[in-house]
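Each chain is listed here by its residues.
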Amino acid sequence: MKIRNFLPDDRAAVIDLWRRCGLLSNPLNDPGRDIDFCLGEGNGEILVLEEDGAVLATAMLGQDGHRGWVYYLATEPDRRHEGLGRRLMQAAEHRLRQQGVPKMQLMVRDSNSQAIGYYQRLGYIREPATLMSRRLDGIARPLGHQMDDEPVIITYLEMTERPPLPRIEPGVKRHALMRAHDITTEFYRYLYDAVGRPWYWTDRKKLSDEQLAEILGDPAVEVYVLYANGAPAGFFELDGRGMPRLELAYFGILPDYIGKGLGRYLLEAAIETAWNQEPKRLTVNTCTLDHPSALPMYQRFGFKPYDREEVPAPWQTEDNVLDFA
Ligand SMILES: CC(C)(COP(=O)(O)OP(=O)(O)OC[C@H]1O[C@@H](n2cnc3c(N)ncnc32)[C@H](O)[C@@H]1OP(=O)(O)O)[C@@H](O)C(=O)NCCC(=O)NCCS
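Residues numbered from 1 in each chain as written. Predicted model: local features only at pLDDT ≥ 70, side-chain atom pairs only at ≥ 80, totals over all residues. Heavy atoms only, no water.

All right, on to the overall build of the protein then. Helix and strand counts for the protein come out as nine helices and 14 strands. The C-alpha radius of gyration of the protein comes to 27 Å, more than 25% above the 20 Å expected for a compact globule of 325 residues. The principal-axis extents of the C-alpha atoms in the protein amount to approximately 85 × 50 × 35 Å. For the protein, the share of sequence-separated contacts (at least 6 apart) that also reach a separation of at least 24 residues comes to 66%. The centroid of the 39 positive side-chain charges in the protein is displaced by 6 Å from the centroid of its 48 negative side-chain charges. (Helix = DSSP H or I, 4+ residues; strand = E, 2+ residues; numbered from the N terminus. Rg over C-alpha atoms; globule rule 2.2 N^0.38 Å. Contact = heavy atoms within 4.5 Å. Lys, Arg positive; Asp, Glu negative; His and termini not counted. Charge placed at Lys NZ, Arg CZ, Asp CG, Glu CD.)

Structure (structure tokens):
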């Protein structure tokens, strides 16, 4: 049994091993291309553990000038728990240490608890970090409820008189709705992120603490927080800086509380609170990145669409490649 570098003749056996180990489930990952790219121009290397000419295990490794990475760790299914994976990982660590790499990293799907357990046994820790990625090859990916190369459609809605509102009981017994007077930027950022993260809300994240504090400190801006069983479950924000037009600027429920009837309750409360300020017009807008039921829900509560705009998503900008060259 020996560990050596990948040879061209290993290609079919290695790809077959990866397939049988369930590593090729993403159709966007082309193993042949991955092998060529890894071995081309000294990008990385593939270690193969071989016994009597048979490939029993593999690991792809490389370094990006800062950290070392391992991909495609795979052991022949009927040769598991013999220490083959550990030997390859040790060889990979040794190789990268020799190249001056101070830290090894690897990516495991959250759903692959087996592999997470395995790496923990080898001394790897779960990092409190979020992995983010973007394709550079132009292949569109689903982003929320649309593809990331599609334009975003914003629907603008309004109502010009107080609508008849049904009395809605929230689906959670112990609840409270309170205006957050003098809300801190920290608490506001928590609410905005907790509610808006799945829907790609980023506008308020662009603001500095000072800019945000100025908006929140404006007496015409009001934030109301819904608590369910003692914990924040949603919020809405009324922006009256353009009175007599009042804007329902932000509205949403935290992901854990969606589907409990709290959204309709909170929207009714928001509309009621808004009309108590006697505006001439109450407006709201929603876009195709938002929860798909937001638009029909606003309409059901009496908002009428008055405009529709197609805009590029914030990341669909012209590349400034020439500036770089
Ligand atoms: C993960 C994998 C490479 C492990 O290979 P292996 O050769 O069986 O692992 P080893 O024999 O080197 O195991 C080393 C130790 O971890 C233990 N171990 C193996 N699988 C484990 C698991 N899922 N959870 C916890 N411990 C595990 C072994 O029992 C052994 O324990 P020891 O400390 O008593 O010696 C193999 O299961 C595999 O190919 N899985 C499918 C592909 C995959 O998921 N790769 C990772 C993608 S991120």
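Attention shifts here to the sheet that holds strand β2 (residues 44-51). Taken together, the five strands give an open sheet; going across it, the order is β1-β2-β3-β4-β5, and neighbouring strands pair in mixed fashion. Both edges of this open sheet fall to β1 (2-5) and β5 (104-106), since each of them pairs with a single strand only. Looking at each pair of strands side by side, their axes are set apart by 30 degrees on average, direction ignored. Of the pairings in the sheet, the one linking strand β3 (residues 54-63) to strand β4 (residues 68-75) comprises six bridges and is antiparallel in character. Within β4, the residue paired with Ala57 across the bridge is Thr75. (Pairing = 2+ DSSP bridges. Axes fitted to C-alpha atoms, helices over the stretch in contact; angles between N-to-C directions.)

This next bit is on the pattern of salt bridges. Under the counting rule described, the total for this entry stands at 22 salt bridges. Among the charged side chains, a network of salt bridges with common partners joins Asp16, Arg19, Arg20 and Glu76. (Salt bridge = Lys/Arg side-chain N within 4 Å of Asp/Glu carboxyl O.)

Another aspect to go through is unusual backbone geometry. A cis amide bond links Met243 with the next residue in sequence, Pro244, at an omega value of 15 degrees. Tracing the chain through its elements places Pro244 in the loop between β11 (231-239) and β12 (245-253). Of note, Glu41 is a non-glycine position whose phi angle comes to about 50 degrees, a positive value. Structurally, Glu41 is set in the loop between α2 (31-39) and β2. Overall, Glu41 belongs to the exposed group, its relative accessible area being 83%. If you check the backbone angles, Asp182 has positive phi at about 50 degrees while not being a glycine. Residue Asp182 is classed as exposed on the basis of its relative accessible area of 76%. (Buried < 20%, exposed > 50% of the residue type's maximum accessible area, 1.4 Å probe, protein only.)

Take the nonpolar core next. Core analysis: the biggest nonpolar cluster contains 47 residues, and Tyr188, Phe236, Leu248 and Tyr298 have the highest contact counts within it. Considering every element that reaches this core, the biggest residue donor is helix α7 (residues 262-275), with nine residues. Beyond its immediate sequence surroundings of up to four residues, Tyr298 is in contact with Leu157, Leu248, Phe251, Leu267, Val284, Thr286 and Phe303. The next biggest cluster of nonpolar side chains, apart from the first, holds 20 residues, and it includes Leu61, Leu73, Leu96 and Ala115. (Core = buried A, V, L, I, M, F, W, Y, C linked by side-chain atoms within 4.5 Å.)

Here we come to the domain arrangement of the protein. If you check the domain split of the protein, you get domain 1 (2-121) and domain 2 (142-311). Summarising the inter-unit geometry, the C-alpha centres of domain 1 and domain 2 are found 47 Å apart. (Domains from an automatic or database assignment.)

Near the ligand lie 19 residues; those nearest to it are Leu73, Thr75, His81, Gly83 and Arg86. The separation between an oxygen atom of the ligand and a polar main-chain atom of Glu82 is 3.2 Å. For the ligand, an oxygen atom lies 2.9 Å from a polar atom in the backbone of Gly85. Bound to the protein, the ligand loses 77% of the 930 Å² it would expose on its own. Per element, the largest residue contribution to the shell around the ligand is five residues, and it comes from helix α4 (residues 113-121). Its residues placed into classes, the shell around the ligand shows eight nonpolar, seven polar and four charged. (Near = heavy atom within 4 Å. Polar contact = N/O pair within 3.5 Å; in protein donor to acceptor, adjacent residues only side chain to side chain. Areas by Shrake-Rupley, 256 points an atom, 1.4 Å probe, with all protein chains shown as cover. Nonpolar A, V, L, I, M, F, W, Y, C, P; charged D, E, K, R; others polar.)

Judged by side-chain polarity, Tyr71, Met107 and Leu131 come together as a nonpolar surface patch covering roughly 310 Å² of accessible area. Residue placement: Met107 occurs in the loop between β5 and α4. Of the residues examined, Met107 reaches a relative accessible area of 38% and is grouped as partly exposed. (Patch = residues over 30% accessible without salt bridge, like charges linked within 9 Å, V, L, I, M, F, W, Y side chains within 5 Å.)

Bringing the sheet that holds β11 into the picture now. With respect to topology, seven strands assemble into an open sheet ordered β9-β10-β11-β12-β13-β8-β14, the strand pairing being mixed. Looking along the sheet, the strands with just one partner apiece sit at the ends: β9 (175-179) and β14 (304-311). Ignoring which end each strand starts from, the neighbouring axes of this sheet average 20 degrees apart.

A separate point is the state of the cysteines. Following the criterion strictly, the structure yields zero disulfides and no others. This cysteine, Cys21, is not joined by any disulfide, and Cys38 carries the nearest cysteine sulfur, 17 Å off. Residue Cys21 is classed as buried on the basis of its relative accessible area of 19%. Classification of Cys38 by relative accessible area gives buried; the value is 7%. (Disulfide = S-S within 2.5 Å.)

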